[in-house]
Amino acid sequence: MDEIKNEVNGILKGAIRTAIEAGELPINEVPIIPFSPTKTPEHGDIATPIALGLAKSAKLAPTQIAEIIVKYVNQDEHPSIRNLEIAGPGFINVYLSHTWLYHTLRTIIDSGNAYGRSEIGTGKRVLIEFVSANPTGPLNIVSGRAAAVGDTLVNLLNAVGYEAIREYYINDAGGQVERLGESIDVRYRQLFGEADLEIPEGGYQGDYLREFAETIVAEEGDTYLKLSQDKRISEFRDKGIAHLLKLQKTSLERFGVHFDVWTSEKTIRDSGKPDQIIDMFREKKYLYEAEGATWFRMTDFGDDKDCVVIRTNGEYTYFVPDAAYHYDKYDRGFDKVINLFGPDHQGHITRLKNFVKALGLADDWLDIDIIQQVNLVDSDGTRLDMSKRQGQFYTLDALIDELAETVGEQFAVDVARYFFLMRANNTHLDFIIELAITQANENPVFYIQYAHARCCSIFHQATEQQIHLKPLNDISLEELTEPSEHELIRKLADFPSIVLSSATEREAHRIPHYLHELAGLFHPYYNQHRVLDTENIQRTYARLILVQSVQTVLVNGLKLLGISAPESM
RNA sequence: GCGCCUAUAGCUCAAUUGGAUAGAGCAACGGACUUCUAAUCCGUAGGUUGCAGGUUCGAGUCCUGCUAGGCGUGCCA
């Protein structure tokens with residue numbers, strides 16, 4: 001598609017140049033030619049609104065300009081163009097000769113699992129940090145969404161040439177993990193008769209800590225009661241972090257997400273890098289003392305408030321290790337860094353970006369996207385509210401468990417990933433459990449997977465009928481004359497540009513939509529036309545190539561999403 | 001109060017970033033299995049894109065002001 005677009009681009013530019021030289025187009029230079037999508041086949045294969053754009057500077061009616069441009073295209077010299085048409089307010093619709101369709105199929109077959117890949121990011125290293133949940137509880141649904149999106153984003157960036165990695169920041173230092181230690185301490189002592197002890201303010205109420213305390217007692221008995229409270233809490237903190245981190249890792253592995261790098265906040269703090277950051281900020285006069293604390297002049301960067309970086313008790317607020325962490329990312333040589341944050345980190349975005357700016361790094365070096373909230377919608381339409389602090393929350397594991405009950409483990413992961421990926425990141429996502437399981441028949445995931453299974457089935461049948469694929473050069477693709485076949489090929493031709501734009505715009509949801517559309521063209525085709533037909537073996541060979549191409553794109557697309565492509569269902 | 005996000009068919013969402021007649025899927029109704037898998041297909045229906053202005057050849061998309069919801073907002077992360 002891109003090749004042919006370039007060719008058409010060149011032809012139109014040539015026509016415009018000649019028109020200017022002939023004095024028919026009163027403009028100074030040949031403009032960049034925009035292409036707009038053709039929604040229906042009546043609009044041709046490629047369309048451009050260039051005449052609309054030139055209307056103002058040329059002081060001519062758009063249709064008039066379009067006519068002039070078309071007049072200067074010598075169609076005899078360009079066999080790839082079948083026809084040019086002026087339509088609507090002045091669009092130039094380009095109808096391509098069918099050879100490009102067949103060429104597309106050859107490209108897909110030749111490229112195989114590399115079809116869709118491109119090289120815009122070659123030589124650039126990108127780090128994507130996502131999930132990074134506090135090690136104070138199991139992963140919840142929003143973390144699951146972030147995991148699916150981040151994982152796919154890395155796949156997408158790698159597909160377009162970047163060298164992208166997955167990184168998890170472990171918040172194993174600071175106030176929250178202190179509360180974790182205290183909470184475990186309470187649960188532990190409750191098991192030794194102190195029933196009226198309560199979880200402290202800001203602590204963690206969830207049952208998982210009760211269970212964890214029981215495990216400790218079962219394994220080590222009352223040994224911790226002999227320690228001082230401070231010592232005991234710090235032991236429990238470290239034990240708890242290790243335990244919950246392991247739990248999170250297990251959930252992520254189950255969900256098919258493998259992080260390349262795990263960075264510990266505690267390690268960052270202990271490295272002395274935060275101290276260097278503070279020194280650097282002090283040197284640059286970004287800091288001042290007030291009310292017994294040390295403040296950062298956030299207002300210098302356009303924010304409406306300054307913020308505390310060293311508390312009155314002498315400890316750093318999380319900003320300092322966070323700034324140090326990002327400087328560390330920079331030190332590791334990444335050309336670009338992307339963070340996916342949960343909805344509760346809104347306020348952190350501007351500040352972190354400002355800190356990064358204060359470190360002297362480029363404004364667009366760090367991009368931060370919010371992965372919005374997920375509402376689990378119950379069968380009766382009620383939304384389950386989730387808050388870790390109140391102990392009432394839906395874990396990623398619980399969700400997969402629930403899905404797996406009806407559709408099995410593999411599909412449960414597939415369905416969850418698809419649902420998390422099908423919506424734009426910044427929209428609130430309603431996860432309708434009913435649609436994911438009870439109505440499995442109408443499920444978009446199955447719809448796509450079923451299309452793939454049907455492709456496989458056709459090849460299976462072909463083998464049974466002793467029909468064997470021939471080399472591409474021996475097959476006459478001109479047998480593919482049905483409009484539905486051409487429409488399918490056009491859709492297949494779109495795939496690389498969809499992958500490219502999803503990657504660069506970080507809009508992973510376009511892939512699920514695209515695959516659903518592709519399946520939506522394939523199923524009707526399958527129902528209306530037989531692929532295997534011994535009466536017409538030449539056409540059979542050609543159609544098998546088409547089916548193989550569809551299969552290839554489905555596999556490549558699903559792979560980007562981390563969703564399986566079953567051969568039979 | 002201020003900042004960010006969201007508002008599109010009964011429901012959940014798209015719309016290639018300013019392009020042609022705003023599209024899918026659910027849910028509803030009627031049809032199609034001696035056929036490469038009926039987890040499929042075919043047909044019917046659904047809209048003042050939250051409201052009011054503005055920018056221009058052209059606005060769901062951009063600017064302003066409202067309305068409603070979500071999140072955030074100087075020593076939690």
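Residues numbered from 1 in each chain as written. Chains lettered and ligands numbered in written order. Predicted model: local features only at pLDDT ≥ 70, side-chain atom pairs only at ≥ 80, totals over all residues. Heavy atoms only, no water.

Trainee: I'd like a rundown of the protein's contact with RNA strand B, residues and numbers included.
Mentor: For RNA strand B, the set of nearby residues contains 66 residues, the closest of which are Gln176, Arg311, Arg423, Tyr450 and Ser457. Of all RNA strand B atoms lying within 4 Å of any protein atom, the proportion belonging to sugar or phosphate reaches 63%. The side chain of Tyr318 places a nitrogen or oxygen atom 3.3 Å from a base nitrogen of RNA strand B. Those elements giving two or more residues to the surface near RNA strand B turn out to be helix H2 (50-58), strand E3 (91-96), helix H6 (175-190), strand E8 (293-296), helix H12 (346-358), strand E14 (429-432), helix H16 (444-464) and helix H18 (510-528). Counted by class, the surface near RNA strand B contains 23 nonpolar, 25 polar and 18 charged residues. (Near = heavy atom within 4 Å. Polar contact = N/O pair within 3.5 Å; in protein donor to acceptor, adjacent residues only side chain to side chain. Helix = DSSP H or I, 4+ residues; strand = E, 2+ residues; numbered from the N terminus. Nonpolar A, V, L, I, M, F, W, Y, C, P; charged D, E, K, R; others polar.)

Trainee: Give me the packing of aromatic side chains: which residues, what numbers.
Mentor: By convention here, two paired aromatic rings are described through the distance between centres and the angle between planes. Scanning the entire structure with this criterion turns up 28 aromatic pairs. Measuring from centroid to centroid gives 5.1 Å for Tyr188 and Phe192, while their planes differ by 55 degrees, and the two rings are tilted. Ring geometry for Tyr288 versus Trp295: centroids 6.4 Å apart, planes at 10 degrees, classification stacked. A relative accessible area of 22% places Tyr288 in the partly exposed class. For Trp295, a relative accessible area of 18% gives the class buried. An aromatic cluster is built from Phe281, Tyr286, Phe296, Phe301, Tyr318, Phe319 and Phe355, whose rings are joined through pairwise contacts. The ring of Phe334 carries the charged tip of Arg125 above its face, separated from the ring centre by 4.4 Å. When the ring centre of Trp262 is taken as origin, the NZ or CZ atom of Lys249, which lies over that ring, is 4.5 Å away. (Phe/Tyr/Trp six-rings, centres within 6.5 Å; stacked < 30°, edge-to-face > 60°. Buried < 20%, exposed > 50% of the residue type's maximum accessible area, 1.4 Å probe, protein only. Lys NZ or Arg CZ within 6 Å of the ring centre and 35° of its normal.)

Trainee: Would you mind going over the sheet that holds strand E6 (residues 261-264) in detail, with residue names and values included?
Mentor: Here we have five strands laid out as an open sheet, ordered E6-E5-E4-E10-E11, and parallel in their pairing. The open sheet has two edge strands, E6 and strand E11 (366-370), and neither has a second partner. The average undirected angle you get between the axes of adjacent strands in this sheet is 25 degrees. Bridge analysis of strand E4 (residues 125-129) against strand E10 (residues 336-341) gives four bridges, and the strand direction is parallel. (Pairing = 2+ DSSP bridges. Axes fitted to C-alpha atoms, helices over the stretch in contact; angles between N-to-C directions.)

Trainee: Tell me about the environment of Tyr541, residues and numbers included.
Mentor: Looking at where Tyr541 falls in the secondary structure, it is placed in helix H19 (residues 537-561). Sequence separation of Tyr541 and Trp295 is 246 residues, and the distance between their C-alpha atoms is 72 Å. Aside from chain neighbours lying at most four places away, what touches Tyr541 is Ile467, His468, Lys470 and Ile475. (Contact = heavy atoms within 4.5 Å.)

Trainee: Lay out the sheet that holds E3 in plain terms, naming residues and giving numbers.
Mentor: Ordered in space as E1-E3-E2, the three strands form an open sheet in which the pairing is antiparallel. Lying at the two open borders of the sheet, with one neighbouring strand each, are strand E1 (46-48) and strand E2 (81-87). Each strand axis lies, on average, 20 degrees off the axis of its neighbour in the sheet, ignoring direction. Across six bridges, the pairing between E2 and E3 is antiparallel. Across the sheet, the residue bridging to Ile81 is Leu96, located in E3. Where helix H3 (residues 62-71) meets the sheet, it contacts E2 and E3, and its direction lies at approximately 165 degrees from that of E2.

Trainee: Outline unusual backbone geometry, supporting the account with residue identities and numerical values.
Mentor: A positive phi angle, near 35 degrees, is found at Ser132, a position not held by glycine. Tracing the chain through its elements places Ser132 in the loop between E4 and helix H5 (141-159). A relative accessible area of 14% places Ser132 in the buried class. Located in the positive-phi region is Lys285, a residue other than glycine, with phi close to 65 degrees. Position of Lys285 among the secondary structure elements: in the loop between helix H10 (273-283) and strand E7 (287-290).

Trainee: Which residues make up the pattern of salt bridges, and what values do they have?
Mentor: Under the defined criterion, the tally for this structure stands at 35 salt bridges. Measuring nitrogen to oxygen at the nearest pair gives 3.4 Å for the salt bridge that ties Asp270 to Lys266. Residue Asp270 and its partner Lys266 are both found in helix H9 (residues 265-270); the two are separated by four residues, about one turn of the helix. For Asp270, a relative accessible area of 57% gives the class exposed. The network of salt bridges with shared partners includes Asp151, Arg166, Asp260 and Arg417. (Salt bridge = Lys/Arg side-chain N within 4 Å of Asp/Glu carboxyl O.)

Trainee: Mind laying out the domain arrangement of chain A, listing which residues take part and the relevant values?
Mentor: Domain boundaries assigned for chain A yield domain 1 (2-97), domain 2 (103-118 + 443-561) and domain 3 (175-253). The gap between the C-alpha centroids of domain 2 and domain 3 is 54 Å. (Domains from an automatic or database assignment.)

Trainee: Tell me about the packing of helix H17 (residues 483-505) against H18, and please be specific about residues and values.
Mentor: Where H17 contacts H18, the axes come no closer than 9 Å and their chain directions differ by 170 degrees. In terms of orientation, H17 lies roughly antiparallel with respect to H18. A class-by-class count of the residues in the contact of H17 with H18 yields 11 nonpolar, three polar and seven charged. (Parallel < 35°, antiparallel > 145°, perpendicular 65-115°, else oblique.)

Trainee: Which residues make up the layout of surface pockets, and what are the values?
Mentor: In this structure, the second largest pocket encloses a volume near 730 Å³. If you go around the second largest pocket, you meet 26 residues; those closest to its centre are Pro37, Thr38, Arg490, Lys491 and Asp494. Where the lining of the second largest pocket is concerned, the elements lending two or more residues are helix H1 (2-21), E1, H17 and H18. Looking at the lining of the second largest pocket, the element that brings in the most residues is H17, giving six residues. Residues belonging to the lining of the second largest pocket are distributed by class as follows: 10 nonpolar, six polar and 10 charged. (1 Å grid on protein atoms, 1.4 Å probe; cavity = no way out; pocket = protein on both sides within 12 Å on 5 of 7 lines; lining within 4 Å. Points joined across faces, edges and corners; volume = space filled by probe spheres on them.)

Trainee: With reference to specific residues and values, describe the side chain of Asn425.
Mentor: Residue position: Asn425 is located in the loop between helix H14 (409-421) and E14. When sequence neighbours within four positions are dropped, the list of residues in contact with Asn425 reads Arg145, Val149, Ile370, Ile371, Gln372 and Arg506.

Trainee: How would you sum up H14? Please name residues and give values.
Mentor: Between its first and last C-alpha, H14 extends 18 Å over 13 residues, near the 18 Å set by a 1.5 Å rise per residue. Most of H14 is tucked away: 10 of the 13 residues are buried. Taken together, the buried positions of H14 are Ala412, Val413, Asp414, Val415, Ala416, Arg417, Tyr418, Phe419, Phe420 and Leu421. (Expected span 1.5 Å × (residues − 1).)

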